[in-house]
Every structure is written in C-alpha cells, then in structure tokens.
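Listed below, chain by chain, are the residues.
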Protein chains: 2
Amino acid sequence: MNIVQTMEELGQRARASARILATTDDLAKSKAIRSAATIILKQSKQILIANRRDQDAAEEADLPSAMLDRLKLNETRIESIATGLNAIADLPNPVGEVISTTERPNGLRIERVRTPLGVIGVIYESRPNVTADAGALCLKSGNAVILRGGSDSHYSSQAIHQCLIEGLRSANLPVASIQLVPTTDRAAVGEMLKGLNSNLDVLVPRGGKSLVSRVQNESRIPVFAHLDGICHVYVDREATLEMALEIVLNSKMRRPGICGAAETLLIDKSWPDQHVRELVTSLQQAGCEVRADALIRKNVDGCLAADESDWKTEYLDAIISIKLVNGLDEAIEHINQYSSHHTESIVTANDENAARFLKEIDSAILLHNASTQFADGGEFGMGAEIGIATGKMHARGPVGVEQLTCFNYRVHGSGQIRPS
Amino acid sequence: MNIVQTMEELGQRARASARILATTDDLAKSKAIRSAATIILKQSKQILIANRRDQDAAEEADLPSAMLDRLKLNETRIESIATGLNAIADLPNPVGEVISTTERPNGLRIERVRTPLGVIGVIYESRPNVTADAGALCLKSGNAVILRGGSDSHYSSQAIHQCLIEGLRSANLPVASIQLVPTTDRAAVGEMLKGLNSNLDVLVPRGGKSLVSRVQNESRIPVFAHLDGICHVYVDREATLEMALEIVLNSKMRRPGICGAAETLLIDKSWPDQHVRELVTSLQQAGCEVRADALIRKNVDGCLAADESDWKTEYLDAIISIKLVNGLDEAIEHINQYSSHHTESIVTANDENAARFLKEIDSAILLHNASTQFADGGEFGMGAEIGIATGKMHARGPVGVEQLTCFNYRVHGSGQIRPS
C-alpha cells in the first residue's frame, strides 16, 4: 500500500463528502446515526469476535492491564455505545443555528450562522468506542471525519466502522463521511499531521501523553487537545470541613485516572490544623498516597515528601500532592504557574474570594464549591464530547458538537450599496 | 543587537503584561486609549517630521506611488487616527461578558465568560496607522500586542507608538502591553513565526500577498488572515437591471483595491441579452476593464477574452472578469471552486435562490441584494477590525475585539460532587 497516496485519496473523498454534509438536513444525519446504533446491537456477536481477536493479540504482546481493559468490549459496553449514538442523534442540530442577528442603520440584517468546520481527523489509541462516538459527533455537526484508531483495537474499530457505514448507506449519505484509515502503519499519522493537502481542517488526538504531544508538536494544522490535566483544588480559609472533605475526596478519588481528577490540593495556612489533619487522613483512608510539604508532614503522619516535580505531575492515579499556601494570592499564583490550564476548583464560603479565583486563573474550567470531576461535556449539558481542549483557539474546555462548527455571516439586503 | 534574544525578551514582557491586562478593568484600558488619542493630536508635528523622514527614504528608494500614498500622513490622517482610537475606547468591553449560562439539574450554574487570548503579534507593511489601530484593538480586548511594522514606515510607527506608551503610562498600565519591534531586521519576523517560546498566541499579518502567504505557510502558531479576496457577484435570472447595475458597479468600482471588491461577475444565461449589454457597458463607461467569456464578447463590444487564470485572479484594480452561467447551480459550483472564501453576493428577487446561495457557498460573508464592499468590521457594527479572516478556526470574516477573545467556563456550585 502506498501510504501517501492512500491518505491523499482519503482526504479527497472526505472533502467531497464534507461539501455534501454541509447542506444535509438533520433528519438524514440523525437517521444514519440511529441506524448505526441499531446495526451495532444487531452485529454485537461479530463485533465481539473482532474484539476477541484484538484482545488475543494484546495479551500475547503483554500489554498492561489498564490498556487491556480499555480495549475490551462486552455486551454491556456495546449497549452503551449504541445508547451513546442515540443520544448524539437526539442532540439539537448545531448547523444552521442563527447565533446572532444585527440590524444595521442602512437596513442590512446581518446573521451569524453556524456552519460545519469541514474535515476532522481523530487519532486515538485502544478504546474502540471512540470509533462510534467520534464518528457520530462529527457527522452530527456536519463534518466528514477520518478516524485513525490504534493498531491494538484495529479489528474492533473496523467492525464498528462497518456498522457506521451501513448507517450512512441507510440514510443515503456518502459512505466517505466517516472513513477509517485502512492501515496501522504509523506513516499514516504523519500524513494526517501534514493536513492531507488541505483536505483536513483540524486534528483531535485522543490518548496518552506521548500521542498528544507528538500531534501538538508536529501538526501543521490546528489541534483540539489537552496534554495534561494537572487540576487543583484550593481549600480557602473560609471553607467548611464538611464541604472540603466531600469535594476533595470526590475530585481525587471518584475516578483518579481521568483528566479532570485533582492532582494537587492547596490549603490556606490559616485553615485549622485539625481540619487539615482530618482532610489528609480521609484521603489516606480512602487509599490515596499523599505527598505533602514539610508543614503538613509535621501535622499528619504517613505523608511522603512532595518536591518541586510533584507540582508538575499528573499522577492519573490515587496519589495527591498537598501544599499549604499563604491565602488566595499564593493559591492563584501557584495554579497559574503549575496548572495545565484544564480545571481548578475553590472551596469557600467567601464569595469575593471565589469571584477572584474564577476571574484571575487562566484555565478552561473554574469551579466554586464543586468537584473538578465535573469537567466533562456530558456534565456540561453538551450531550457528548470528543475531548477536552486546553488551548484557547476556537475550542476551549469540553469539545462537543458546537465546538466542531464555525460560522459565517449571511447578510440580507434590499439593494444596499456602500457610500464612497 | 541579538535578534533572538531581543524577541524572546519582547515575548516575556508581553506575556507578563497580558497576565495583568486579563484582569484590568475597562476604565483603565479605555483611558489609556483615549489619552493616546489626545497625545497623538498634540504630537502631530513630531509625527509628521518622523513621517517626512520615512517618505524621503521611500522616495529615494523609488517605491511605487501606491505605497508612497499608504505611507503618507498629514493633519487629516492624524486626526482620523485619533478619532479611530476614541471609537475603539467607546466600544463595549468584550472581556468578562457572560456569553451564555446553563443551569444543570444538579444545581450547577455554568457560565461561559469571554476572556482575552493573550499575546497577539501584528505584522504589517507601510501603513503607519496600523500601529495605533492594532495597538488599541488588542488593548481593548485585554491582550498584549507585539507590533512589527514595515521598515518603510519605521520612524512614523515609532512616533505613534511613543504616544501609545504615554497613554498606557497615564492609565498605570504596563508599557509592554503594546510593544513595537525595535528593529527592521527581517529575522525578527522569523522569530515571531516560531511563536516566541509560546509567548505569542496568534499572528495577524496585514499587507500584501507575499507577506500574508509567508506568514500562513511558515507560522507555527495560529494566523488570522486572508490571502486573497476573490469576491463574486452573481446576477440571477430574477434580478432587476436597476439593482444589478447599482450593486455590481458599487461592488467593483467604489474602491477597486480593497479585499471586498468584486473580481468576478457571474450572470445567469437566461438574463436578457439587453440587460447583460447594459450592465457590461456601464462597467466599461465607469472605467473598468472587462474580461469576458465568448458569449458575452459576442453580445458586447470592447471586452477582452477571459481565460481560466482570470477566475483565479484578484485584480485589486479596475478590472473585472465576467462569465455567463447555467443558473444558480453553476454559479454556486463556480464560486465554491474559484472563490477565496471571502465574500460573495447574489442579486435576485427570488428568495429561494437567495437562501440556497447563502446556505450552499462556503465563504465567510454571503450577501443577498447588497454590495460586496460591505465586507468590513465597521459596516458590520463591530466598531473596528484588525483584518478579515478567511480561515474557519476561531475567527472568520471581520476580526474585531470579540474575535480577539476566547472564553472559559465558570461553574457556580454549592458543594456538588459527581456521582460515581
């Protein structure tokens, strides 16, 4: 297979499909997605056989157990893929939405209308469900998509992709609206990073840090991604122990491995020592390793020492770094220095402090009295997300169907000309 | 001067200023801009002396007269710079605007709030007024800016920049909020294209095609720009002669050299021959060179032959290419193939055709029964623009203060944690 030529052709077919999708009505897009969901359920045996093949290869290759778990499908997971597709089909159609209207003194009516972006490239690793989620989100937002799944989940992704194709067929939409790169050769990713002769408009990498950083560093086209989720919780002097306990434990321990999990806890020095002790002990009792500064270690037993590198680490595990800070100013300073600009939360009964925290920190998501684990498109009411972006261009925070669109201006006149 | 180090330091100072500007209230930003306007008027003699120096050098170097005109300042032009600054100061503050609010069933209130982008780089050529306009627009939107003016206007830009600095001082804002690259060495542009160690977030090139294409091709960071303005007017079969005459003449001849000027006229074949004759003749009588297809040349005298290259050419001059097309479908197809995705207009009394034109063409601005020369931030009610973008990422169409911002999410809770 000539990779360059294969990828070039994928790009051309995607662009041709994107032109059609841009003016396709929502009924057809939703029908394709719903049909795909039905077909996935019907074909679940075949999908599981393909997945077994991927799992066997992965076990033989001695992949780590976390990776094996991400790869694994079963009836329940297939059902939840189908449910997810139907939820995406149910979302309001973003394309064609009039975002704003301006009436000008000369009578021109200027509408800003949501339009698709064009062709989206999604590069992911072992989770086969991304094939369905990303395919459907891009289609719903009127975009063509080129999916490049990991080699570990190749057969599973192919089986799911086949169902998406059937869905597109049933709605009379171009089958190249959702394409899966037909090779696991890494050179295909290199071609996508170059933008496929301007037939690829944006890249969404989904996976580990090495994948995301390669895409961010080498891509010649825009990227929606986050490299790290070094999220902070700051417990202000006016936080109650009860709320701090609930929010800190949930932020860290509900699911320690997601990007919105807290990695560093900052506590105001003037918060009672007894409260600090209870909070840290609760984390330990919940199975969390605590790495703390000297003051905390004096106050609470069983903490490891935190050093500079801990403030820069996304553990993605049941580990947390803790530091006492000299009030809100130092908390904001620490976060703006070490944060990955993803998600931060303040626990306080003081509204002024909360307002400053939300205004002065430069991160995608800032919360007052709520868990960092709410950093999620579904929790934000977007229905589904293709990922979370920490960049500031175009998309920031959860990337849902709306963030996969742009807009144009449609100006309605009655013969207006511009005076010289 | 060590260019790499100089530019690196410029970037660091810009980033430090951007952090402060992000939370600066509008009063201070507007005060700085208004003070700068007052100082520019007071210092007009010194600015004109600096401009004389640039003009002398330009005349000696035998620069083309169009360039000399762009470079030239006089009392009137200085007054209009000051007026422009005051208009920018008067704009509503985009920063902090709550774009949308979502109430979630769990009681979380999620606000999407407008925030600055960070540090903006503006690379321009001979127009010294860009120094003031771009500086003020970036400041108003809470961004720091690094201005890199052309060597032709170096002394004029320096003199104007000095007034902006005084304005910043008078409002107690960091003087590095608006920096002018202190060298005309082209290597400075190369450094900006690399992003100044992540201390530059976006580039706005303002100038000729060679500048814009260099920036677009070599930049490692996002670019807001348009390379071409190959704008079309389509005269539908249901266009009245009267409206077609007004809109076509204004679109082409009001100012043939701006990016929103029409370059190609498409006319439905079934529009009366007599109408076509009158429209083409009017263009010729207004001093416009007409390059037309064979059918039109049979019908009207004095037209040159248009060939394939004409459909791809932005004349920026009193020249227009004209083609008869087989109805709306061919018009849309031609435009989607040859347009630079900037601005297109349809003249028709048929609302269905207009709706299709506005929906099916993939350009930043689409107009029905109005001149393409309305493609301008001021005409759109944005107050002022830093340029027009034909890309789809983040900004599209006129780039005003709003397009120089992004947003983050501010979530207000009362102790919510996420269920497992």
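About the cut-offs
- For every chain, the first residue of the written sequence is number 1, and numbering continues from 1 onward in sequence order.
- Labels are handed out in written order, letters beginning with A for the chains and numbers beginning with 1 for the ligands.
- In keeping with the model being predicted, local features are shown solely for residues with a pLDDT of at least 70 and side-chain atom pairs are shown and tallied solely at 80 or more, while totals for entire chains, interfaces and linings include all residues.
- Here a strand pair is declared whenever DSSP counts at least two bridges between the two strands.
- Only DSSP runs of H or I covering at least 4 residues are called helices, and only runs of E covering at least 2 are called strands; the numbering of each starts at the N terminus.
- Angles here are taken between N-to-C directions and fall from 0 to 180 degrees, while the axes themselves are lines fitted to C-alpha atoms, restricted in helices to the stretch in contact.
- Think of it this way: build a C-beta for each residue from its backbone, and any pair within 7 Å is a contact.
- The handedness rule is simple: strands pointing away from the viewer, and a clockwise path from the first strand over the helix to the second, make the crossover right-handed.
- We superpose the copies by least squares over the C-alpha atoms of residues that have a pLDDT of at least 70 in both of them.
- Convention used here: angles under 35 degrees read as roughly parallel, angles over 145 as roughly antiparallel, angles from 65 to 115 as roughly perpendicular, and any remaining angle as oblique.
- Note on convention: near helix rotated counterclockwise from far helix by under a right angle means a left-handed crossing. Clockwise means right-handed.
- Residue polarity is assigned by list, with Asp, Glu, Lys and Arg as charged and Ala, Val, Leu, Ile, Met, Phe, Trp, Tyr, Cys and Pro as nonpolar; anything else, Gly included, falls into the polar class.
- You can read pLDDT as the predictor saying how much it trusts each residue, on a scale of 0 to 100.
- A set of buried Ala, Val, Leu, Ile, Met, Phe, Trp, Tyr and Cys residues, joined through C-beta atoms within 7 Å, is what we mean by a nonpolar core.
- Any residue whose C-beta has 12 or fewer other C-beta atoms within 10 Å is treated as exposed, any with 20 or more as buried, and any in between as partly exposed, C-beta atoms being built from the backbone.
- Given the number of residues in a helix, its expected span is that number minus one, multiplied by 1.5 Å.

## Things to note about the sheet that holds strand E3 (residues 119-124) of chain A
Residue and element names in this part refer to chain A.
In step 1: The strand order E5-E4-E3-E6 describes an open sheet built from four strands, whose pairing is parallel. In the strand order of this sheet, the two ends are held by strand E5 (178-180) and strand E6 (202-206), each with one partner. Here the strands of the sheet are splayed against their neighbours by 20° on average, with no regard to which way each runs.
In step 2: Alignment of E3 against strand E4 (residues 144-148), held across five bridges, turns out to be parallel. Paired with Val-122 across the bridge in E4 is Leu-147.
In step 3: In the packing of helix H9 (residues 209-218) onto the sheet, the strands contacted are E3 and E6, and the crossing angle to E6 comes to about 165°.

## Digging into the pairing of strand E9 (residues 289-292) of chain B
All names here are of chain B.
In step 1: Here E9 pairs with strand E11 (residues 319-325) via four bridges, running parallel. By the bridge assignment for E11, Arg-291 is matched with Ser-321.
In step 2: Note: E9 against strand E10 (residues 304-305), two bridges, orientation parallel. Bridged to Arg-291 within E10 is Leu-304.
In step 3: Crossover handedness for the path E9 to helix H12 (residues 294-299) to E10: right-handed.

## Topic: the relation of the copies chain A and chain B
Two copies of a chain can be linked by a rotation about an axis combined with a shift along that same axis.
In step 1: By a simple turn and slide, chain A fits onto chain B: the slide is 0.0 Å along the axis, the RMSD is 0.1 Å, and the turn is 180°. A rotation of that kind, with that shift, is consistent with a two-fold axis. When C-alpha positions in chain A are compared against the rotation axis, the closest is assigned to His-394 of chain A, at 2.0 Å.
In step 2: A share of 100% of the interface residues of chain A reappears at the interface of chain B, consistent with the copies meeting face to face through the same patch.

## Notes on the packing of helix H10 (residues 241-253) of chain A against helix H11 (residues 273-285) of chain A
All names here are of chain A.
In step 1: At a minimum axis separation of 10 Å, H10 and H11 run at an interaxial angle of 30°. On the basis of their axis angle, the class for H10 and H11 is roughly parallel. Between H10 and H11 the crossing geometry is right-handed. For the pair H10 and H11, contact is made by Leu-241, Ala-244, Leu-245, Val-248, Leu-249 and Lys-252 and by His-275, Glu-278, Leu-279, Ser-282 and Leu-283, respectively.
In step 2: Looking at the contact of H10 with H11, its residues break down into seven nonpolar, two polar and two charged.

## Looking at the confidence of the model for chain A
In step 1: In the predicted model, chain A carries a mean pLDDT of 96, and the fraction of residues at 70 or more is 100%.
In step 2: Both confidence scores are given for the complex: pTM 0.94, ipTM 0.95.

## Looking at the interface of chain A and chain B
One widely used convention gives an interface's size as the accessible area the parts lose upon coming together.
In step 1: With 52 residues of chain A at the interface, the matching set in chain B holds 52 residues.
In step 2: Elements with a contribution of two residues or more to the side of chain A that touches chain B: H10, helix H15 (351-360), strand E13 (365-370) and strand E16 (405-416) of chain A.
In step 3: Considering each element in turn, the side of chain A that touches chain B owes the most residues, 11 residues, to E16 of chain A.
In step 4: Residues of the side of chain A that touches chain B, tallied by class, amount to 21 nonpolar, 19 polar and 12 charged.
In step 5: For E13 of chain A and strand E16 (residues 405-416) of chain B, the ladder comprises five bridges, and the chain directions are parallel. Within E16 of chain B, the residue paired with Ala-370 of chain A across the bridge is Gln-416 of chain B.

## Digging into the environment of Val-347 of chain B
All names here are of chain B.
In step 1: Inspection of the secondary structure assignment puts Val-347 in strand E12 (residues 343-347).
In step 2: The spatial distance from the C-alpha of Val-347 to the C-alpha of Leu-241 is 9.7 Å, given a sequence separation of 106 residues.
In step 3: Here Val-347 is in contact with Val-233, Val-235, Asp-236, Ala-239, Met-243, Ala-244, Ile-247 and Asn-369, once residues within four sequence places are set aside.

## Topic: the nonpolar core
In step 1: Counting residues in hydrophobic clusters, the biggest one holds 126 residues, and the most contacted among them are Ile-40, Leu-85, Val-122, Met-192 and Val-280 of chain A.
In step 2: Contacts of Val-122 of chain A, omitting those with residues within four sequence positions, involve Val-130, Ala-134, Val-145, Leu-147, Arg-148, Val-204, Arg-206 and Ile-386 of chain A.
In step 3: Core analysis: the second largest hydrophobic core is formed by 124 residues, Tyr-409 of chain A together with Val-204, Val-223 and Ala-395 of chain B among them.

## Re helix H6 (residues 129-140) of chain B
All names here are of chain B.
In step 1: Here H6 contains 12 residues, and its C-alpha end-to-end distance of 17 Å stays within 8% of the 16 Å for a straight helix at 1.5 Å per residue.
In step 2: Within H6, 12 of the 12 residues are buried, leaving the element largely enclosed by the surrounding structure.
In step 3: Of the positions making up H6, those classed as buried are Asn-129, Val-130, Thr-131, Ala-132, Asp-133, Ala-134, Gly-135, Ala-136, Leu-137, Cys-138, Leu-139 and Lys-140.

## A few points about the packing of helix H5 (residues 75-90) of chain A against helix H6 (residues 129-140) of chain A
Residue and element names in this part refer to chain A.
In step 1: Where H5 contacts H6, the axes come no closer than 10 Å and their chain directions differ by 5°. Taken together, H5 and H6 sit at an angle that is classed as roughly parallel. Between H5 and H6, the residues in contact are Arg-77, Ile-81, Gly-84, Leu-85 and Ile-88 and Asn-129, Ala-132, Asp-133, Ala-136, Leu-137 and Lys-140, respectively.
In step 2: Of the residues contributing to the contact of H5 with H6, the split by class is six nonpolar, two polar and three charged.

## A short note on the sheet that holds strand E4 (residues 144-148) of chain B
Residue and element names in this part refer to chain B.
In step 1: Taken together, the four strands give an open sheet; going across it, the order is E5-E4-E3-E6, and neighbouring strands pair in parallel fashion. Sheet topology places strand E5 (178-180) and strand E6 (202-206) at the edges, where each strand pairs with a single neighbour. Neighbour-to-neighbour, the strand axes of this sheet turn through a mean angle of 20°, independent of strand direction.
In step 2: Direction of pairing for E4 relative to E5: parallel, over a ladder of three bridges. Bridge pairing in E5 places Leu-147 opposite Leu-180.
In step 3: Of the strands in this sheet, strand E3 (119-124), E4 and E6 touch helix H8 (residues 187-194), which is tilted by about 145° from E4.

## Digging into the pairing of E3 of chain A
Residues and elements named next belong to chain A.
In step 1: Burial within E3 is extensive, with six of its six residues counted as buried.
In step 2: Of the two faces of E3, the one holding Val-119, Gly-121 and Ile-123 and the one holding Ile-120, Val-122 and Tyr-124 are both buried throughout.
In step 3: The parallel pair E3 and E4, bridged by H6, forms a crossover whose chirality is right-handed.
In step 4: The sheet contact formed by E3 and E6 spans five bridges and is parallel. What sits directly across from Val-122, in E6, is Val-204.

## Some points on the environment of Val-98 of chain A
Residues and elements named next belong to chain A.
In step 1: In this structure, Val-98 sits in strand E1 (residues 98-103).
In step 2: Taking the C-alpha atoms as reference points, Val-98 and Gln-284, separated by 186 residues in sequence, lie 51 Å from one another.
In step 3: Dropping the residues within four chain positions of it, Val-98 is found in contact with Glu-111 and Val-113.

## With respect to helix H7 (residues 154-170) of chain B
Residue and element names in this part refer to chain B.
In step 1: With 17 residues, H7 ought to run about 24 Å at 1.5 Å a step, and its terminal C-alpha atoms sit 24 Å apart, in line with that.
In step 2: Extensive coverage of H7 is indicated by the burial of 12 of its 17 residues.
In step 3: Among the residues of H7, those classed as buried are His-154, Tyr-155, Ser-156, Ser-157, Ala-159, Ile-160, His-161, Cys-163, Leu-164, Ile-165, Gly-167 and Leu-168.
In step 4: Its buried side turned inward, H7 meets helix H2 (26-42), helix H3 (44-60), H6 and E5.
In step 5: Directly after H7, the chain includes Asn-172, whose backbone phi takes a positive value near 60°.

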